Amino acid sequence: MRSSIFIILAFVLGCLVGGYELLPEDFLGDNATLWVLYALMLQVGIGIGSDERLKEIFRSLSPKLLLVPFATIFGTLLSVLIISFGFSRWSVAEILAVGSGFGYYSLSSILITSLKEATIGVQAAAELGTIALMANVFRELMTLLFAPLMVKWFSPLAPICAGGA
């Protein structure tokens, strides 16, 4: 209950700070969203690292379970590489970056947009970031819609790989 109230208060405070422009304009610079995502990733790492059962969890994992993320990464990158030959506007590296979001649509789209602005321009970087966002959203939607069929036809782990988890 207490944590729920804290979350709501933090959200309301963020809305007020943003809505009333209480922070100086150059507080985080042009990459404010990117710095917020970095802070969130740091908090996730702290949360995972501070779990007292972390070592126990790692010891209990079977090495065979590593095949799932490796298959996910390999299958995703191979599929995206094959698809990339059908596009002439974007380079293979840019298409691989879009395809390797692995379901992290909020992170991948912002990172791609921020990192590509200097090399391909603001407009093209925004387009590429939007494509990354949409690709990850569609990947997640397709996984949710077809999960029962994937489990039936392939394996109970198939939706995990298809979603990029």
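First, a word on scope: everything that follows refers to the structure included in this document.

Definitions and limits used
Residues numbered from 1 in each chain as written. Predicted model: local features only at pLDDT ≥ 70, side-chain atom pairs only at ≥ 80, totals over all residues. Heavy atoms only, no water. Core = buried A, V, L, I, M, F, W, Y, C linked by side-chain atoms within 4.5 Å. Buried < 20%, exposed > 50% of the residue type's maximum accessible area, 1.4 Å probe, protein only. Helix = DSSP H or I, 4+ residues; strand = E, 2+ residues; numbered from the N terminus. Contact = heavy atoms within 4.5 Å. Salt bridge = Lys/Arg side-chain N within 4 Å of Asp/Glu carboxyl O.

1. Focus: the nonpolar core
Moving on, step 1. Core analysis: the largest hydrophobic core is formed by eight residues, namely Val-80, Trp-90, Ile-95, Val-98, Ile-112, Ala-124, Leu-128 and Ala-132.
Moving on, step 2. If you list the elements that add at least two residues to this core, you get helix 5 (92-99) and helix 7 (122-153).
Moving on, step 3. With three residues, helix 7 is the largest single contributor of residues to this core.
Moving on, step 4. When sequence neighbours within four positions are dropped, the list of residues in contact with Val-98 reads Ile-112, Leu-128, Ile-131, Ala-132, Ala-135 and Asn-136.

2. Digging into the pattern of salt bridges
Moving on, step 1. Under the defined criterion, the tally for this structure stands at three salt bridges.
Moving on, step 2. Of the charged contacts, one joins Arg-89 and Glu-127 as a salt bridge, the two residues approaching to 2.7 Å between their closest N and O atoms. Here Glu-127 lies in helix 7 and Arg-89 lies in the loop between helix 4 (67-84) and helix 5, a separation of 38 residues in the sequence.
Moving on, step 3. Exposure remark for Glu-127: the relative accessible area of 26% places this residue in the partly exposed category.
Moving on, step 4. A salt bridge links Lys-116 to Glu-94; its shortest N-O distance comes to 3.3 Å. With a gap of 22 residues between them, Lys-116 in helix 6 (residues 105-120) and Glu-94 in helix 5 connect regions that are remote in the sequence.
Moving on, step 5. Using a relative accessible area of 24% as the deciding quantity, one classes Lys-116 as partly exposed.

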